[in-house]
Structures are given as structure tokens and as C-alpha cells.
Amino acid sequence: TEYLRNRFKVSIEEGGVTGGKGVSGQYRSWIRSIRLRRRGHIDTLMHEIGHHFSEMNQGVRDIYKDKALEAEIVGDGTTKHRGLIPPAYDNLPLNARKEEGFAEYIRLYTTNRPLAREAAPGFTLRFEEFLDKTPVHRAILDEVTVAIHDWMGLDGRQRVRAKMGGIPFTELVKRFDFNK
């Protein structure tokens, strides 16, 4: 968490999540803060970082507001293609669903990039063009992706050591083929 806090320049804290038991995390844009119900829940953390990334980058918001790419993120209104958002968000206004769809996209992009490319190919193309123009963002997302995949590859004992600071980040990062 400390690594992500520093790379994304966002506060990440455990507890203080409101909205009922079904809410695992929240991004509070007015104070640039992520709250997690459970520490170390990578999927939730990356979803909330997606909200922060969007908040901090107008270029990203321009991509997911593009009507031609909208269905890839929020679906086409049928049960055949839902987009990236879960049914719990169906009653939100369109702009809120786009924001949630982008947050889900970042979660997928960092935890399962091939699936992100498959689920939203046009969006991925535009997003990666954005990253090509902003190499610092590409570097951060690629580093985070490597760290997440390395974390998921650790056994329980290694995860405990990593949480306690026993394994330096440089030791965790291995080569990763982003084209898979």
C-alpha cells in the first residue's frame, strides 16, 4: 500500500468505509483519499485507484466520455453486453456508470491485462495511446501491474513477510510480458 500511496500520490487508509456491508472501498475526491474496508484487497484498491487516476487526468475522462467507446465501458443496455460494470450500478446516471466502468477497467488492466484488452479493445487502444503520450503514467501502471502479479504469485508466508516489510519491492519485481 505504501508503494501505491507514493506512486499515485493518494492517501490509502483502512476503515471508515460508509455505505453498508457491500461497499469494499471508497474514493473521496475532495481530499484525494482511498478508504478500504479490508487492507490488502488488491481488486478493490485498484478499482479505487482507477477513480483517483481518472480524477487526476482529464485525458482519461475524455476517452471514456467518447460515445464510440461508451458500450465497451457501460454496456449497450442489453443483458448480452453489460460492459465492465456490475449490475449494482445499473441505476446510476450514465456519467457515474462511465466513471465506475473506468475504475473497473483500471482494476482489470492492472490485474489481468489480456482480459481488459478482450473486454474493451477499442478503449484499450485509445487508453494505450494516452499512455504513449504520458510515459510517466505508463511506467507507473506497468510497475504496479508487475508488483500485483508478483504479489499474487506469493504463497501465504511470503505475503505476510511482504506486508511486514521483509521483502523489498525491487526483490518482488520480476520481468513481465505485457503483451500476453
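All figures in this text were calculated on a predicted structure; none of them were measured in a lab.

Quick word on the overall build of the protein chain
Broken down by element type, the protein chain carries 10 helices and three strands. Each helix and strand of the protein chain, ordered N terminal to C terminal, gives the series α-β-β-β-α-α-α-α-α-α-α-α-α. Restricting the contact set of the protein chain to residue pairs at least 6 apart, pairs at least 24 apart contribute 50%.

Details of the sheet that holds strand β3 (residues 33-36)
Sheet architecture is open: three strands sit in the order β1-β3-β2, paired in mixed fashion. Since the sheet does not close on itself, it has two edges, and those belong to β1 (11-14) and β2 (25-28), each with one partner. On average, each strand axis in the sheet is tilted by 15 degrees relative to the strand beside it, whichever way the strands run. For β2 and β3, the ladder comprises four bridges, and the chain directions are antiparallel. Residue pairing in the sheet places Gln26 in a bridge with Arg35 of β3. Each of β1, β2 and β3 touches helix α2 (residues 42-56); the most contacted strand, β2, lies at about 15 degrees to it.

Examining the pairing of β3
The alternating pattern of β3 places Ser33 and Arg35 on one face and Ile34 and Leu36 on the opposite face, and all of these are buried. Here β2 folds back onto β3, and the loop between the two strands holds four residues, one of which, Arg32, carries a positive phi near 50 degrees.

Some thoughts on the packing of aromatic side chains
Following the criterion strictly, the structure yields 13 aromatic pairs and no others. Measuring from ring centre to ring centre gives 6.2 Å for Phe123 and Phe127, while their planes differ by 10 degrees; the resulting arrangement is stacked. Residue Phe123 and its partner Phe127 are both found in helix α7 (residues 121-133); the two are separated by four residues, about one turn of the helix. There is no split in this pair, since Phe123 and Phe127 are both buried. One aromatic cluster in this structure is built from Phe8, Phe53, Tyr64, Phe102, Tyr105, Tyr109, Phe123, Phe127 and Phe130.

Definitions and limits used
- In this numbering scheme, every chain counts its residues from 1 along its sequence in written order.
- Only residues with pLDDT of 70 or above have their local features reported here, since the model is predicted, and side-chain atom pairs are shown and tallied only from 80 upward, although totals for entire chains, interfaces and linings are computed over all residues.
- Side-chain measures were taken over the full set of non-hydrogen atoms in the model, leaving aside hydrogen atoms and water.
- Runs of H or I in DSSP of at least four residues are treated as helices and runs of E of at least two as strands, each being numbered from the N terminus.
- Residues are treated as being in contact if the distance between any of their heavy atoms lies within 4.5 Å.
- Should DSSP find at least two bridges between two strands, the strands are taken to pair.
- Axis definition: a line fitted to C-alpha atoms, limited for helices to the stretch in contact. Angles are taken between N-to-C directions and run from 0 to 180 degrees.
- Remark: exposure states derive from per-residue accessible area (1.4 Å probe, protein chains only) relative to the maximum for the residue type, with buried under 20%, exposed over 50%, and partly exposed in between.
- Centres within 6.5 Å are what make two rings of Phe, Tyr or Trp a pair, Trp counting through its six-membered ring; a difference in plane orientation under 30 degrees is then read as stacked, over 60 as edge-to-face, and the rest as tilted.

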